[in-house]
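# Coordinate analysis (summary)
Listed below are the residues making up each chain.
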Amino acid sequence: MTTALAVALFSCALRAADPTVQPGDPPSGPGGWRDWRSGLEQRGVRFSLQSISEGWANLRGGERRGGAYTGLAEGELELDLEKLTGWKGATLQTRWFAPYGRDLSARRIGNHFTVSHAAARPSLYLYELWLEQRWLEGALSVRAGQLAADEAFAVSEYGSLFLNAAFGWPPFLSENLPGGGPAFPRGTLGVRIAVQPGERVRLLSALYQGDPFDEEINRHGLRWRPGGSTGYLWMNEAQFRWNYGEKSGGLPGEAKGGFWYHTPDGENAGFAPTRRRKGNAGLYGVVDQMLLRLADSPESSPRGVAWFGRFGIQPQERNTLGLYFDTGLTFHGLFAARGEDALGIGFACGRWTRGARRTLEAESGHNAAREMLVELTYHCQLTPRLALQPDVQWIIHPGATREFGNALAVGLRSTWTF
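Please read these numbers as outputs of a predicted model, since none were measured by experiment.

## A few points about the overall build of the chain
The helix and strand inventory of the chain stands at 6 helices and 16 strands. When each of the 418 residues of the chain is scored for burial, the buried share is 50%. Look at the contacts in the chain between residues 6 or more apart in sequence, and 66% of them connect residues 24 or more apart. Carbon and sulfur atoms make up 59% of the accessible area of the chain, which amounts to about 19,000 Å² in all.

Structure (structure tokens):
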């Protein structure tokens with residue numbers, strides 16, 4: 001694994017020395033692949049394929065040392081129905097995932113904050129299949145069908161650089177919602193409304209099937225059971241942006257505030273106390289802020305230093321994870337020849353509720369603790385279609401108890417976009 005990390009960094013250095021070389025690019029001449037694809041997009045058909053391959057190793061701590069290989073294939077198709085059929089303001093999109101390989105966290109570490117957001121039970125999943133209608137030049141839109149909440153709610157732009165799943169769909173939702181909520185690798189039936197009254201403000205509200213069911217039950221993302229005992233998940237978010245655009249005159253930033261409500265009565269999934277409660281809810285916030293733009297970069301350039309932070313608060317008596325926050329710094333395009341590269345360091349911390357801690361202590365025989373992690377990652381864009389990303393994670397109190405020692409996980413991701 002150390003050799004793989006060295007090869008990745010050496011490859012980045014070679015690319016910096018000759019940024020004009022783009023090995024692996026498809027032919028672009030007349031009649032070539034890019035011309036054919038561009039022609040389809042002009043007609044309203046856009047598609048993409050992506051393959052992610054990861055090698056991971058747990059070097060110390062956790063349940064036991066060892067490695068794992070994780071992979072993910074992704075396909076997306078989008079149809080602009082206005083171009084194809086004349087249906088003004090309409091779009092049809094579908095997205096599928098095919099995870100394969102093993103999950104290092106489940107096999108070797110035993111932590112809740114999974115080291116890779118690409119890890120899932122091997123299968124073929126329908127993630128999204130929706131129809132969207134836009135009005136008023138996009139200021140109002142309604143999307144309905146198979147939807148995923150993690151592509152729209154509680155998302156940090158800068159936090160998306162990291163590989164640990166905690167920086168994606170946050171644990172204050174995945175740990176507290178049945179089946180982990182409508183998120184990777186499978187969505188649920190739902191409807192979403194988006195309102196954008198101005199350039200700086202956007203409002204989102206969505207209603208989802210209350211339970212996507214565990215991967216062992218919902219093996220392809222097609223288990224549709226809205227209402228009834230699964231209930232509904234209602235999510236709402238307000239987004240505020242500033243200093244975006246070529247003539248903004250300042251450093252861009254964005255703040256998001258949201259709340260969620262899960263309707264079913266009963267016990268919460270996981271470690272919550274057995275007392276039955278009326279529904280469940282939580283609050284969260286997200287901030288992304290650019291701190292420094294590199295000299296000689298245009299105002300719209302992402303090159304510079306940025307900060308992000310997120311938090312979630314949930315009631316003690318109804319949830320597994322009561323308090324969560326993550327934060328970090330990212331450095332984009334620090335070298336002129338490596339304008340698309342990014343370096344990041346992030347920290348995440350989750351505190352389990354009183355009922356969850358009691359259950360953890362009874363099961364493990366050890367005192368409960370906060371689970372925390374520190375991640376250092378570097379995204380190296382070798383070509384427009386190929387990227388390498390070496391990654392190191394220090395996992396503190398895996399499993400949220402003191403049963404296992406702190407773990408050190410290292411990995412290397414390669415991403416090929418077709």
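## Topic: a nonpolar patch on the surface
Taken together, the side chains of Val191, Leu207, Tyr232, Trp234, Phe259 and Leu283 define a hydrophobic patch exposed on the protein surface, amounting to about 510 Å² of accessible area. For valine 191, the location among the structural elements is in strand E6 (residues 188-195). For valine 191, a relative accessible area of 35% corresponds to the partly exposed category.

## Here's the deal with the side chain of glutamate 254
Position of glutamate 254 among the secondary structure elements: in strand E9 (residues 253-262). Notably, glutamate 254 is buried but unbridged: the nearest opposite-charge side chain belongs to lysine 256, and the N-O separation is 4.2 Å. In this structure, glutamate 254 is in contact with Gln239, Phe240, Arg241, Trp242, Tyr244, Val286, Val287 and Asp288, ignoring residues within four places of it in sequence.

## Regarding the side chain of glutamine 133
With respect to the secondary-structure elements, glutamine 133 resides in strand E4 (residues 125-135). The exposure class assigned to glutamine 133 is buried, which follows from its relative accessible area of 15%. Among the polar contacts made by the side chain of glutamine 133, one reaches the main-chain carbonyl oxygen of glycine 89 at a distance of 3.5 Å. In contact with glutamine 133, not counting residues within four places along its chain, are Trp87, Lys88, Gly89, Ala90, Leu140, Ser141 and Val142.

## Regarding the nonpolar core
Counting 47 residues, the largest nonpolar core has Phe153, Leu173, Tyr208, Met235 and Tyr284 as its most contacted members. Contacts of methionine 235, omitting those with residues within four sequence positions, involve Ala149, Phe153, Trp169, Leu173, Leu204, Ser205, Ala206, Tyr208, Phe259, Trp260 and Tyr284. With 6 residues, the next largest nonpolar core counts Ile52, Phe97, Ala118 and Ala148 among its residues.

## As for the environment of asparagine 243
Looking at where asparagine 243 falls in the secondary structure, it is placed in the loop between strand E8 (232-242) and E9. A sequence separation of 56 residues divides asparagine 243 from glutamate 299, and the C-alpha atoms of the two residues are 9.3 Å apart. A polar contact of 2.9 Å, which involves the side chain of asparagine 243, links it to the backbone oxygen of leucine 251.

## Describing the confidence of the model for the chain
Summary statistics for the chain give a mean pLDDT of 88 and a share of 88% for residues scoring 70 or more. Counting interchain partners and residues more than four positions distant, the pLDDT-below-50 stretch residues 1-29 has 48 contacts. In the predicted structure, residues 268-274 sits below a pLDDT of 50 and forms 24 contacts with residues beyond four places in sequence or in another chain.

## Quick word on the packing of aromatic side chains
This structure, assessed with the given rule, holds 13 aromatic pairs. Among the aromatic residues, ring-to-ring pairing joins Phe113, Phe172, Tyr284, Tyr324 and Trp352 into one connected group. Lying over the aromatic face of phenylalanine 47, arginine 37 brings its terminal NZ or CZ to 5.1 Å of the ring centre. In this structure, arginine 223 is placed above the aromatic ring of phenylalanine 213, and the distance from its NZ or CZ to the ring centre is 4.8 Å.

## Considering the pattern of salt bridges
This structure, assessed with the given rule, holds 15 salt bridges. The salt bridge involving glutamate 78 is made with arginine 46; its shortest N-O contact spans 3.1 Å. Placement of glutamate 78 in strand E2 (residues 66-80) and of arginine 46 in strand E1 (residues 45-62) is noted, with a sequence separation of 32 residues between them. Taking relative accessible area as the criterion, glutamate 78 reaches 23% and is therefore assigned partly exposed. The exposure class assigned to arginine 46 is partly exposed, which follows from its relative accessible area of 30%. Residues glutamate 132 and arginine 192 are paired through a salt bridge, measuring 3.9 Å at the closest nitrogen-oxygen approach. Note that glutamate 132 is positioned in strand E4 and arginine 192 in strand E6, a separation of 60 residues in sequence.

Rules and cut-offs
Sequence order sets the numbering: in each chain, residues are counted from 1 along the sequence as written. Per-residue local features are limited, in this predicted model, to residues with pLDDT of at least 70; the limit for side-chain atom pairs, both in listing and counting, is 80 or more; totals at the level of whole chains, interfaces and linings are taken over all residues. Only hydrogens and water are set aside when side-chain values are computed; all heavy atoms of the structure are taken into account. A run of H or I in DSSP becomes a helix once it reaches four residues, and a run of E becomes a strand once it reaches two; helices and strands are each numbered from the N terminus. Relative accessibility decides the category of a residue: with a 1.4 Å probe and only protein chains considered, values under 20% of the type maximum give buried, values over 50% give exposed, and everything between is partly exposed. We call two residues contacting when some pair of their heavy atoms lies within 4.5 Å. Exposure was quantified through the Shrake-Rupley algorithm and a 1.4 Å probe, taking into account, for residues, occlusion by the shown protein chains and nothing else. Residues form patches when they are more than 30% accessible in relative terms and have no salt bridge. Like charges link within 9 Å. Nonpolar side chains (Val, Leu, Ile, Met, Phe, Trp, Tyr) link within 5 Å. Salt bridges are defined by distance alone: a side-chain nitrogen of Lys or Arg within 4 Å of a carboxyl oxygen of Asp or Glu. The charge count includes Lys and Arg as positive and Asp and Glu as negative, but it does not include His or the ends of the chains. Under this definition, polar contacts are N or O atom pairs within 3.5 Å; protein pairs additionally need one hydrogen-donor-capable and one acceptor-capable atom, and for neighbouring residues in sequence, both atoms have to be side-chain atoms. To define a nonpolar core, start from buried Ala, Val, Leu, Ile, Met, Phe, Trp, Tyr and Cys residues and group those joined through side-chain atoms within 4.5 Å. Note: pLDDT gives the predictor's confidence per residue, expressed from 0 to 100. What counts as a ring pair is set by centres within 6.5 Å for rings of Phe, Tyr and Trp (its six-membered ring), and what kind of pair is set by the plane angle: stacked under 30 degrees, edge-to-face over 60, tilted for all other angles. Think of it as a cone above the ring: NZ of Lys or CZ of Arg counts as a charge over the ring if it is within 6 Å of the ring centre and within 35 degrees of the ring normal.

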